[in-house]
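One-letter residues, chain by chain:
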Amino acid sequence: MTATPTSPTDQPGHAAGQPVGNPERLTVRTRTSVLAQLRDRVAGDVFGPGDAGYLDARSGFNRLGAHRPAVIAVPANHFDVVEAVRFAAEEDLRIAVQATGHGTGRPADGGLLINTSRLTSVTVDPAARTARVGAGSTWQRVLDAAVPHGLAPLMGSSSGVGAVGYTLGGGFGWLGRRFGLSSDAVRSFDLVTPDGTPIRVSDTSFPHVFWALKGGGAGSLGVVTSMEISLAEVTTVYAGNLFYPAADAEEILRRFRSWAPAQSEELTSAVAILNLPPTDDIPEPMRGQSFAVVRGCWSGDLDAGRAVVDQWRDWKTPLIDMWDVVPFAAVDSVSMDPTEPMPAMVTTEWFDDLPDEAVDIVAARVRPAPASAPLIVSGEIRHAGGAVARGALHAANDRARCGQFLLELIAVVPDPQVALAVESTLRVTRAELAPYVTGAAYLNFVSGADRAGRAADAFSADHRRRLTEIKQALDPGNRFCHGDL
């Protein structure tokens, strides 16, 4: 159970091969003693197709597309993960991993899906300013444990997102320019390797695997069952949104591109075009309306932050002003991300600068035409630099964090019949922007087939080569073939 493998960089390289296992192997055996054996080995649940609980266990937050595994294990603890991985090796099954299911990539059809959503423990050491976070924990659980000690995690825009999966993809949140990506705050990972060996990886133990996990993506090198992270001493921030008419979007984007780089790293900011749905969770004056929005989070002196945002108020009075002094625990109010599962497509691009041509394309594609329903509900351009860029050179995902402006496009697909139209709109938008972007991909802002096809664009050629060597040494049969590497 505790045998320690040699470091992947100490092993001879293996040629990349096709994924091991027959994805249909258990399809006709899910009612046999094979699954009964796995159930006997774990304290958590095991589901085969047709079992009550199978559909819920395979479903994530993003409901566009669904995994169709031959068997699902829902571990109750770290030891269940070890047994499930060893079971997959014995039965010659491919393995996919899912926690909250916000970030989607290659679908896991056939094989074993390990759903880590029950591994939700969080413990905080206030003296060391660290937290140990289980694989299924959301950022809300981390907040709940850290805030009473005056501490904050480097979380993203939504507290409902899984902390570990977010961190494996990098993690650019509202404290990013000051403190870096979430992956920069990791001190160690507990990993179950593809052969079922539990190890703890850090700067001093398996440092090459540790480097790969910090931004190299999720689900390729094994199952991360927990991580230890550093926490920031942040309690109160100045944060929120200024809502301007969507008709002014081009003017606001152009002003933002010169204003944001002039600000302190204590500010992480973005400009967005939002097409808000006519739903009850949106305040009455804003339902079904479109806006150009200046948003962000200032984590320094509060009066200084207010003065920075006053530059926008003095320039043009917003329709709605929601910037205010708030506890960091209320940071969800900045992005106002949905809290209920939904089918969505997400894509991304990086810019070194933001020329007028790119501004015009984003505004034209996101802002809906008169009397037509929007296909893209949000186009946000986040300002990076600061600690995000400083950590790029030595990070696994170097290309995914060295640009100046990061675009995220989100489209909701309420009806499968419009999926092709939405996909086409996103593809055409990216094609139009191609002359102005770096070509890099940020893993947490891309989903589905797009993520599977563009994951390599998060890494430089040298870092991609190094990641491939680590992957081949740790998983020579490519059993974890549904991840980002």
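What you see as residue numbers is a count from 1 along each chain, following the sequence as written. Given that this is a predicted model, residues contribute local features only at a pLDDT of at least 70 and side-chain atom pairs are listed and counted only at 80 or more, while totals for whole chains, interfaces and linings are drawn from all residues. Heavy atoms from the whole structure form the basis of all side-chain values; hydrogens and water molecules are not counted.

## Here's the deal with the overall build of the protein
A helix here means a DSSP run of H or I that spans at least four residues, while a strand means a run of E at least two residues long, and both kinds are numbered starting from the N terminus. Helices and strands together make up the secondary structure of the protein, namely 15 helices and 17 strands. Computed over C-alpha atoms, the radius of gyration of the protein comes to 22 Å, within 12% of the 23 Å expected from 2.2 N^0.38 for 485 residues, which places it in the range of a compact globule. Taken along its principal axes, the extent of the C-alpha atoms in the protein is 70 × 55 × 40 Å. Between buried and exposed lies partly exposed: a residue is buried under 20% and exposed over 50% of the maximum accessible area for its type, with that area taken using a 1.4 Å probe on protein chains only. Relative to its full complement of 485 residues, the protein shows a buried share of 55%. Restricting to contacts in the protein with at least 6 residues of sequence separation, those with at least 24 account for 76%. Charge centroids of the protein, computed over 43 positive and 55 negative side chains, lie 4 Å from each other. Our radius of gyration looks at C-alpha atoms and nothing else; its globule reference is 2.2 Å times the residue count to the power 0.38. Any pair of residues with heavy atoms lying within 4.5 Å of one another is described as a contacting pair. Only four residue types enter the tally: Lys and Arg on the positive side, Asp and Glu on the negative side, with His and both chain ends excluded. By convention, the point assigned to a charge is CZ for Arg, NZ for Lys, CD for Glu and CG for Asp.

## Here we look at the packing of aromatic side chains
Stacked, tilted and edge-to-face pairs are distinguished by plane angle, under 30 degrees for stacked and over 60 for edge-to-face with tilted covering the rest, among Phe, Tyr and Trp rings (Trp via its six-membered ring) whose centres lie within 6.5 Å. On inspection of all chains with the given rule, the structure shows 11 aromatic pairs. Arranged with centres 5.7 Å apart and planes meeting at 90°, the rings of W139 and Y166 form a pair that is edge-to-face. You can see W139 sitting in helix 4 (residues 139-146) and its partner Y166 sitting in helix 5 (residues 163-168), a full 27 residues away along the chain. On the accessibility criterion, W139 (0% relative accessible area) is buried. Aromatic pair F256 and W259: ring centres 6.1 Å apart, planes at 45°, arrangement tilted. One end of the pair, F256, and the other, W259, are both in helix 8 (residues 249-259), three residues apart, so they sit about a helical turn from each other. Accessibility assignment for this pair places F256 and W259 in one class, buried. The rings of Y244, F256, W259, W312, W315 and F405 are connected pair by pair, giving a single aromatic cluster. A ring is considered to have a charge above it if a Lys NZ or an Arg CZ atom is located within 6 Å of its centre and within 35 degrees of its normal. Note that R255 overlies the ring of W312, its terminal NZ or CZ placed 4.5 Å from the centroid. Between R466 and the ring centre of W211, over which it is positioned, the NZ or CZ distance is 3.8 Å.

## Looking at the sheet that holds strand 2 (residues 71-74)
Whether two strands pair depends on DSSP finding at least two bridges between them. Strand order in the open sheet made by the four strands is 1-2-4-3, with mixed pairing throughout. The open sheet is flanked by strand 1 (45-47) and strand 3 (95-98), the only strands paired with a single partner. On average, adjacent strands in this sheet sit at an angle of 20° to one another, irrespective of strand direction. Direction of pairing for strand 1 relative to strand 2: antiparallel, over a ladder of three bridges. Each bridged residue has a counterpart across the sheet, and for V46 the counterpart in strand 2 is A73. Contacts from helix 3 (residues 78-91) reach strand 2, strand 3 and strand 4 (112-115) within the one sheet, and its direction differs from that of strand 4 by about 175°. What counts as an axis is a line fitted to C-alpha atoms, over the stretch in contact for a helix, and the angles between N-to-C directions run from 0 to 180 degrees.

## Section: the environment of I199
Relative to the assigned elements, I199 resides in strand 8 (residues 198-202). Using a relative accessible area of 6% as the deciding quantity, one classes I199 as buried. For the pair I199 and V366, spaced 167 residues apart in sequence, the C-alpha to C-alpha distance is 46 Å.

## A closer look at the sheet that holds strand 6 (residues 130-134)
Paired through their backbone hydrogen bonds, the strands of a sheet run either parallel or antiparallel. Pairing is antiparallel in the open sheet, where five strands are placed in the order 5-6-9-7-8. Pairing within the sheet leaves two strands with one partner each, and these edge strands are strand 5 (122-125) and strand 8. Direction aside, the axes of adjacent strands within the sheet are offset by 15° on average. Taken together, the six bridges between strand 7 (residues 186-192) and strand 9 (residues 223-230) define a ladder with antiparallel strand orientation. Bridging from a neighbouring strand, S188 pairs with E228 of strand 9. The strands that helix 4 touches are strand 5, strand 6 and strand 9; relative to strand 5, the one it contacts most, it runs at about 35°.

## Some remarks on empty space enclosed by the protein
Here a cavity is any set of points on a 1 Å grid over the protein atoms alone where a 1.4 Å probe fits but cannot get out, and a pocket is any open set with protein on both sides within 12 Å along at least 5 of 7 lines; a residue lines the site when it has an atom within 4 Å of a point. Grid points are joined across faces, edges and corners, and a volume is the space filled by probe spheres set on the points. By the definition in use, this model includes one cavity of 30 Å³ or more. Quantified by volume, the largest cavity comes out at close to 50 Å³. Taken together, 13 residues make up the lining of the largest cavity; nearest its centre are L213, G217, G219, S220 and L221.

## A few points about the confidence of the model for the protein
Confidence of the predictor at the level of single residues is given by pLDDT, which spans 0 to 100. Mean pLDDT over the protein: 91, with 93% of residues reaching 70 or higher. Every residue in residues 1-17 is under pLDDT 50, and counting partners more than four places away or in other chains gives 29 contacts. For the stretch residues 23-30, pLDDT sits under 50, and the model shows 23 contacts to residues farther than four places along the chain or on other chains.

## Some words on helix 15 (residues 461-474)
Any helix carries an expected span of 1.5 Å times its number of residues minus one. Its 14 residues place the ends of helix 15 20 Å apart at the C-alpha level, agreeing with the 20 Å of an ideal helix rising 1.5 Å per residue. Within helix 15 the residues assigned to the buried category are H463, L467, I470, K471, Q472, A473 and L474. Those residues of helix 15 hidden inside the fold are in contact with strand 7 and helix 7 (207-213).

## Topic: the environment of S264
With respect to the helices and strands, the residue S264 is situated in the loop between helix 8 and strand 11 (267-275). Once you skip the residues sitting within four places of it in the chain, S264 turns out to touch R177 and W298. Throughout this description, a polar contact denotes any pair of N or O atoms lying within 3.5 Å of each other; where both atoms belong to protein, one of them has to be capable of donating a hydrogen while the other can accept it, and for residues adjacent in sequence the pair is counted only when both atoms sit in side chains. Here E266 takes part through its backbone nitrogen, which lies 3.0 Å from a polar atom of the side chain of S264.

## As for unusual backbone geometry
Notably, M336 is not glycine yet its phi reads approximately 55°, a positive angle. In this fold, M336 is placed in the loop between helix 10 (332-335) and strand 15 (344-351). Assessed through its relative accessible area of 32%, M336 is described here as partly exposed. The residue N478 is not glycine, and still its phi comes out positive at about 55°. Take N478: it is sitting in the segment after helix 15.

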